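# Chains, contacts and geometry: an overview
The chain contents come next:
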Amino acid sequence: MKEHCEVFKPFKPLSEEEQDFILNMADEIKELIAIPCSYCGYCLKECPVGIPIPDFFELYNSEKMYSLPSLAAIYGTTATANAPASACTECESCMEICTQKLDIPTLLKDVVNTFENF
Ligand code: SF4
Ligand code: SF4
């Protein structure tokens, strides 16, 4: 631990320019994330159909960022083991508990269009 701290010596606060650079980078990364799901998993307890909501949102975000063919295969396996996004009945039970106040049924339609209707 002591050795690790030595690496950063002498301690110097970030300049205003460096702080701006980091904040701009953080903003750019945030813009790349299509669905700001925090992966807390609270919605999972509410869904009567058993849709793995955060997993699907994570796959969707990855697809928007990297567009890899393997993501569709992972979606297929996850949907088969649980329930596909298209099984959503729009009951809205998950929305009441979502910590990010996401419109989950609408976002699941985007997931369907990306991974089921292509
Ligand atoms: S709205 Fe859809 S995802 Fe949300 S709890 Fe109901 S069936 Fe599950
Ligand atoms: S409750 Fe909302 S933020 Fe949390 S995992 Fe579900 S969709 Fe994501």
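Above this note sits the structure.
### Let's talk about the packing of helix H4 (residues 53–66) against helix H7 (residues 104–115)
- Remark: H4 packs on H7, axes separated minimally by 10 Å, with the N-to-C direction vectors making an angle of 55°. One element, H4, and the other, H7, form an angle in the oblique class. For the pair H4 and H7, the sense of crossing is left-handed. Mapping the contact onto sequence places Ile53, Phe56, Phe57, Leu59, Tyr60, Glu63 and Lys64 in H4 and Ile104, Leu107, Leu108, Asp110, Val111, Thr114 and Phe115 in H7.
- When the residues that make up the contact of H4 with H7 are grouped by side-chain class, the tally is 10 nonpolar, 1 polar and 3 charged.

### A closer look at a nonpolar patch on the surface
- A cluster of nonpolar side chains, Ile29, Leu32, Ile33, Met65, Tyr66 and Leu68, forms an exposed patch at the surface whose accessible area comes to about 560 Å².
- Those elements giving two or more residues to the nonpolar patch turn out to be helix H2 (16–32) and H4.
- Following the sequence through the fold, Tyr66 ends up in helix H4.
- Assessed through its relative accessible area of 52%, Tyr66 is described here as exposed.

### Some remarks on the site of ligand 1
- Lining the immediate surroundings of ligand 1 are Cys47, Pro48, Val49, Ile53, Cys88, Thr89, Glu90, Cys91, Glu92, Cys94, Pro105 and Leu108.
- For the shell around ligand 1, the per-class residue count stands at 9 nonpolar, 1 polar and 2 charged.

### Digging into H7
- When the terminal C-alpha atoms of H7 are compared, their 16 Å separation across 12 residues agrees well with the 16 Å that a helix rising 1.5 Å per residue should span.
- Among the residues making up H7, those that are buried are Ile104, Pro105, Leu107, Leu108, Val111, Val112, Thr114 and Phe115. Along the axis of H7, the buried positions cluster into a sector of 165°, meaning they face one direction only.
- Summarising the contacts, the buried residues of H7 are in contact with helix H3 (42–46), H4, helix H5 (69–81) and helix H6 (93–97).

Calculation notes
Residues numbered from 1 in each chain as written. Chains lettered and ligands numbered in written order. Predicted model: local features only at pLDDT ≥ 70, side-chain atom pairs only at ≥ 80, totals over all residues. Heavy atoms only, no water. Axes fitted to C-alpha atoms, helices over the stretch in contact; angles between N-to-C directions. Helix = DSSP H or I, 4+ residues; strand = E, 2+ residues; numbered from the N terminus. Parallel < 35°, antiparallel > 145°, perpendicular 65-115°, else oblique. Left-handed = near helix turned anticlockwise from the far one by under 90°. Contact = heavy atoms within 4.5 Å. Nonpolar A, V, L, I, M, F, W, Y, C, P; charged D, E, K, R; others polar. Patch = residues over 30% accessible without salt bridge, like charges linked within 9 Å, V, L, I, M, F, W, Y side chains within 5 Å. Areas by Shrake-Rupley, 256 points an atom, 1.4 Å probe, with all protein chains shown as cover. Salt bridge = Lys/Arg side-chain N within 4 Å of Asp/Glu carboxyl O. Buried < 20%, exposed > 50% of the residue type's maximum accessible area, 1.4 Å probe, protein only. Near = heavy atom within 4 Å. Expected span 1.5 Å × (residues − 1). Arc of directions from axis to C-beta.

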